[in-house]
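The chain contents come next:
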Amino acid sequence: MQSGLPKMTARVLAALYMTDRGTLTAAELAERLGISTASVSKAIAFLESQGLVRRERDEGRRERYVVDDDVLYQSTMASARATAHLGEVARQGVGVLGQGTPAAARLENIARFIDFVSESIARAADQAREVLHTKPESPAP
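What counts and what doesn't
- Residues numbered from 1 in each chain as written.
- Predicted model: local features only at pLDDT ≥ 70, side-chain atom pairs only at ≥ 80, totals over all residues.
- Heavy atoms only, no water.
- Helix = DSSP H or I, 4+ residues; strand = E, 2+ residues; numbered from the N terminus.
- Rg over C-alpha atoms; globule rule 2.2 N^0.38 Å.
- Buried < 20%, exposed > 50% of the residue type's maximum accessible area, 1.4 Å probe, protein only.
- Contact = heavy atoms within 4.5 Å.
- Lys, Arg positive; Asp, Glu negative; His and termini not counted.
- Charge placed at Lys NZ, Arg CZ, Asp CG, Glu CD.
- Core = buried A, V, L, I, M, F, W, Y, C linked by side-chain atoms within 4.5 Å.
- Pairing = 2+ DSSP bridges.
- Axes fitted to C-alpha atoms, helices over the stretch in contact; angles between N-to-C directions.
- Parallel < 35°, antiparallel > 145°, perpendicular 65-115°, else oblique.
- Nonpolar A, V, L, I, M, F, W, Y, C, P; charged D, E, K, R; others polar.
- Expected span 1.5 Å × (residues − 1).
- Patch = residues over 30% accessible without salt bridge, like charges linked within 9 Å, V, L, I, M, F, W, Y side chains within 5 Å.
- Areas by Shrake-Rupley, 256 points an atom, 1.4 Å probe, with all protein chains shown as cover.
- Salt bridge = Lys/Arg side-chain N within 4 Å of Asp/Glu carboxyl O.

Summing up its helical and strand segments, the chain has 5 helices and 3 strands in all. Seen in sequence order, the chain has helices and strands lined up from the N terminus as α-β-α-α-β-β-α-α. Its C-alpha radius of gyration of 20 Å places the chain more than 25% over the 14 Å reference for a compact globule of 141 residues. Seen through its principal axes, the chain has C-alpha atoms that stretch 60 × 45 × 30 Å. The buried share of the chain, taken over its 141 residues, is 31%. The contacts of the chain with a sequence gap of at least 6 include a subset with a gap of at least 24, amounting to 51%. The centroid of the 18 positive side-chain charges in the chain is displaced by 6 Å from the centroid of its 18 negative side-chain charges.

Here it is as structure tokens:
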């Protein structure tokens, strides 16, 4: 919730992260959280739009919601792309306002800042991706 997720959405995401399989159906989520399947559906729609969960069909053709080792990486990369798009928009604003104006200079600085941040996020995610696939060491006997 502190990162901006609505309470119900945060609860659904936490429930998925805290399962050993990393996958639950809407009915399982509703039962675990004591909420309606409609609430689950709304939360999943938002989480899916942010790239934080994905949907799969199981053998019984039921929809399952999944968080796996790569979902957080994919979400981070999508966020970096969205941030980079803001830089492109700011740069377009420079053209509209005309070089040399204070507003254009501000937008150009914003664009350069956003370029740096989005590139840094993407580079860091690529470098750290293997961490998501690392198995924790077993404690010594």
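Right, let's get into the nonpolar core. By size, the foremost hydrophobic cluster in this structure holds 20 residues, and its most contacted members are V12, L16, L29, V40, I44 and L47. Counting only elements with at least two residues in this core, the list comes to helix 1 (7–17), helix 2 (26–33) and helix 3 (37–49). With 5 residues, helix 1 is the single largest residue contributor to this core. Apart from the residues lying within four places of it in its own chain, the contact partners of L29 are V12, A15, L16, L24, I35, V40, I44 and Y65. Of all hydrophobic cores here, the second largest spans 5 residues; its members include Y73, M77, A80 and A122.

Spatially, the 3 strands line up as an open sheet ordered 1-3-2, and their pairing is antiparallel. Each edge of the open sheet is held by one strand with a lone partner, namely strand 1 (23–25) and strand 2 (54–57). Going across the sheet, the axis of each strand differs from the next one's by a mean of 35°, ignoring polarity.

It is worth spelling out the environment of R21 at this point. You can see R21 is positioned in the loop between helix 1 and strand 1. A relative accessible area of 53% places R21 in the exposed class. Between the C-alpha atoms of R21 and A43, which are 22 residues apart in sequence, the distance is 19 Å. Excluding residues that lie within four positions of it along the chain, R21 makes contacts with E28 and R64.

Helix 3 packs onto helix 1 with a crossing angle of 80° between their chain directions and a minimal axis gap of 9 Å. Compared by their axis directions, helix 1 and helix 3 come out roughly perpendicular. Counted together, M8, T9, V12, L13 and L16 of helix 1 and S39, A43, I44, F46 and L47 of helix 3 form the full contact between these two elements. Of the residues that constitute the contact of helix 1 with helix 3, the class distribution is 8 nonpolar, 2 polar and no charged.

Once that is clear, we can look at helix 5 (residues 102–128). With 27 residues, helix 5 ought to run about 39 Å at 1.5 Å a step, and its terminal C-alpha atoms sit 39 Å apart, in line with that. When helix 5 is considered as a whole, its buried residues turn out to be A104, A111, I114, S118, A122 and A125. Lining the buried residues of helix 5 we find helix 4 (71–97).

Here we come to a nonpolar patch on the surface. Together, Y17, M18 and L72 line one region of the surface with nonpolar side chains, adding up to about 340 Å² of accessible area. As for its position among the elements, Y17 is in helix 1. Take Y17: its relative accessible area is 41%, and that puts it in the partly exposed class.

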